Structure formats: structure tokens, C-alpha cells
Amino acid sequence: GSHRSTADAWQSISATLPHLNHGQTGIHMLLDYWLLHLFGASAFFLRLPSLIAAAFLLFSMVQIALRLRFNLGWTLLLLAAIFTQQFLMYFAGEARPYILLAAAVTGTLAFYLTPVEQRARCSRISGGIAIGMGVLFHPYFPMYWLSLAVYTWAIQAKSFTARSILPDFIRHCDAWLSIPAAIVCLVLAKYTWMSGSPDFHMDPFHYL
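Residues numbered from 1 in each chain as written. Predicted model: local features only at pLDDT ≥ 70, side-chain atom pairs only at ≥ 80, totals over all residues. Heavy atoms only, no water.

1. A few points about the overall build of the protein chain
Then, in step 1: Assigned secondary structure in the protein chain consists of 10 helices and zero strands.
Then, in step 2: The helix and strand sequence of the protein chain, counted from the amino end, reads α-α-α-α-α-α-α-α-α-α.
Then, in step 3: Overall, the C-alpha framework of the protein chain stretches about 55 × 40 × 40 Å when taken along its three principal axes.
Then, in step 4: In the protein chain, the share of contacts with a sequence separation of at least 24, taken over all contacts with a separation of at least 6, comes to 69%.
Then, in step 5: When the accessible surface of the protein chain is summed, it comes to about 12,800 Å², and 68% of that surface belongs to carbon and sulfur atoms.
Then, in step 6: Each charge sign in the protein chain was given a centre, from 12 positive and 8 negative side chains, and these centres are 13 Å apart. (Helix = DSSP H or I, 4+ residues; strand = E, 2+ residues; numbered from the N terminus. Contact = heavy atoms within 4.5 Å. Areas by Shrake-Rupley, 256 points an atom, 1.4 Å probe, with all protein chains shown as cover. Lys, Arg positive; Asp, Glu negative; His and termini not counted. Charge placed at Lys NZ, Arg CZ, Asp CG, Glu CD.)

So, in C-alpha cells, the structure goes:
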């Protein structure tokens, strides 16, 4: 927040990504810089992206319930189940990108569960928000993105041949949205979280 310009802030973010802030895209920190300059040193506004993401997560859960034709009772039970996930919902109040990843994955699932011919403008906008959020804010998102695309295409495909698999899959992914997002993801990765990371010599299960 003490930097004088966006360029200066990004320079510091870029310099710390290979070591101190490894495994980050840097966009969340840049967003925090802008929020500090717009609203001052406010804990609420630093957490505002996470709060908005949590609301989008719940919206996406309702969309999934509608796609699966849940009645009101099952929909409310689904939302209640999300609220019982204390470790997840804790991050709705943190100025870190974890809840944004969860919201992006849930929104992407809601989007891909909608058959291509039934995707209205609202569905495409929410799908674009979900995929854009994931690409910009978390390096783990591409793995979830591809997995959800393959899974939802497989359960919706009625019949296909060897020749039709690729065109059908591209159509299912909405090329107009997925190709630009994939390009942004690759470029951002090249200059941020793929630039390097510290060497850890601890057993990854040590914490557990």
C-alpha cells in the first residue's frame, strides 16, 4: 500500500513471487494495493474480494442445484452443508485468495453443467466471471478447470465418435471464452508462479 504507483507495486510483487510469495499469481496482492489507495487502510475493503467471492460461491451452488433439479428443501440443505464447512468459510473473511479458488471452481462447475444449447447470456456471464476469477487469482485453477470440463462433457455426451470428440469438447468448453482465458493463464503463469519457487526440505506430511 505504500507504493506510489501500480508499476512500483507490481515490481515489488514480481520480485517476491519466486521466493517469499511463491505459488501466487500476484493479482490478489495488486488488487489489495488498489483497494488500499481507494479506501485507505481498511480491513473490510482488504477482505471485500473474499466476501464477494463467498457470495458468488453461494450463488453458484444455487445454480448447481437448479441444474440438478433439486427442490427447495434439497437446495437449502446444500447451502447449509456449505456453511458447516468451517475451514472453507473461514477464508471468506480473509484477505487471501483461497475462497476465490473455491468460488471459481464452483462457478465453473455450474457453467459446464448447463448444456451448450441452454446457455443464456446470464449463464455465460457468470461462467466467464468464474473462469476469469480462477485464472487471475490462483495457480491451481487450471487443474480444476480441465477436470471439470472433461467430467461435465463426459456426463452430458449422448454419443460421439473418434472424429467428433475434439469438436464436441471444444464446443462444450465455449471456445470464445476458454481460448482467451487459457492464453491469459499461460502468459500470467510464465511471469508469476512459474518463475520459480524455494526449495523445501520438509516432508509434506510433516504438518499433519
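Additional details are given in the paragraphs that follow.
2. What to know about the nonpolar core
One broad rule of soluble globular proteins: the nonpolar side chains tend to lie buried together.
Then, in step 1: The biggest cluster of nonpolar side chains holds 38 residues, and the ones touching the most others in it are Ile 99, Tyr 112, Ile 131, Met 133, Val 135, Phe 141 and Trp 145.
Then, in step 2: Every element with two or more residues in this core is listed here: α3 (43-67), α4 (72-83), α6 (98-112), α7 (121-137), α8 (141-156), α9 (165-173) and α10 (175-191).
Then, in step 3: Broken down by element, the residue count for this core peaks at nine residues, all from α6.
Then, in step 4: For Trp 145, the contacting residues outside a window of four places in its chain are Thr 108, Tyr 112, Ile 131, Val 135, Ser 178, Ala 181 and Ala 182.
Then, in step 5: Residues Ala 9, Ile 13, Leu 30 and Tyr 33 belong to the second largest nonpolar core, which totals five residues. (Core = buried A, V, L, I, M, F, W, Y, C linked by side-chain atoms within 4.5 Å. Buried < 20%, exposed > 50% of the residue type's maximum accessible area, 1.4 Å probe, protein only.)

3. Description of the packing of α3 against α6
Then, in step 1: At their nearest, the axes of α3 and α6 sit 8 Å apart, and the two run at 25 degrees to each other. Taken together, the axis directions place α3 and α6 in an arrangement best described as roughly parallel. Classified by chirality, the crossing of α6 by α3 is left-handed. Between α3, through Pro 49, Ser 50, Ala 53, Ala 54, Phe 56, Leu 57, Ser 60, Met 61, Gln 63, Ile 64 and Arg 67, and α6, the contact on the second element is made entirely by Ile 99, Leu 100, Ala 102, Ala 103, Thr 106, Gly 107, Leu 109 and Ala 110.
Then, in step 2: Looking at the contact of α3 with α6, its residues break down into 13 nonpolar, five polar and one charged. (Axes fitted to C-alpha atoms, helices over the stretch in contact; angles between N-to-C directions. Parallel < 35°, antiparallel > 145°, perpendicular 65-115°, else oblique. Left-handed = near helix turned anticlockwise from the far one by under 90°. Nonpolar A, V, L, I, M, F, W, Y, C, P; charged D, E, K, R; others polar.)

4. Describing the side chain of Asp 174
Then, in step 1: Mapped onto the fold, Asp 174 is located in the loop between α9 and α10.
Then, in step 2: Judged by relative accessible area, Asp 174 falls into the buried class, the value being 6%.

5. Overview of the packing of aromatic side chains
Then, in step 1: Summed over all chains, the structure comprises nine aromatic pairs.
Then, in step 2: Centre to centre, the rings of Phe 56 and Phe 59 are 6.1 Å apart; their planes meet at 35 degrees, and the pair counts as tilted. Taken together, the residues Phe 56 and Phe 59, both in helix α3 and three residues apart, mark about one turn of the helix.
Then, in step 3: Note on Phe 56: relative accessible area 11%, which makes it buried.
Then, in step 4: Of the residues examined, Phe 59 reaches a relative accessible area of 35% and is grouped as partly exposed.
Then, in step 5: With a centroid separation of 5.3 Å and an interplanar angle of 85 degrees, the aromatic rings of Phe 87 and Phe 91 are classed as edge-to-face.
Then, in step 6: Here the aromatic residues Phe 87, Tyr 90, Phe 91 and Tyr 98 are joined through ring pairs into a cluster of three or more.
Then, in step 7: Note that Arg 119 overlies the ring of Phe 111, its terminal NZ or CZ placed 4.6 Å from the centroid.
Then, in step 8: Positioned above the aromatic ring of Tyr 191 is the side chain of Lys 190, whose terminal nitrogen or guanidinium carbon lies 4.7 Å from the ring centre. (Phe/Tyr/Trp six-rings, centres within 6.5 Å; stacked < 30°, edge-to-face > 60°. Lys NZ or Arg CZ within 6 Å of the ring centre and 35° of its normal.)

6. Concerning the pattern of salt bridges
Then, in step 1: Per the counting criterion, the structure on display carries three salt bridges.
Then, in step 2: Ionic pairing is found between Glu 94 and Arg 96, a salt bridge with its closest N-O pair at 2.7 Å.
Then, in step 3: The class of Glu 94 is buried, set by a relative accessible area of 14%.
Then, in step 4: The partner of Arg 124 in a salt bridge is Asp 174, and the shortest N-O contact between them spans 2.7 Å. Here Asp 174 lies in the loop between α9 and α10 and Arg 124 lies in helix α7, a separation of 50 residues in the sequence.
Then, in step 5: In the salt-bridge network here, residues are joined through shared partners; they are Arg 119, Arg 124 and Asp 174. (Salt bridge = Lys/Arg side-chain N within 4 Å of Asp/Glu carboxyl O.)

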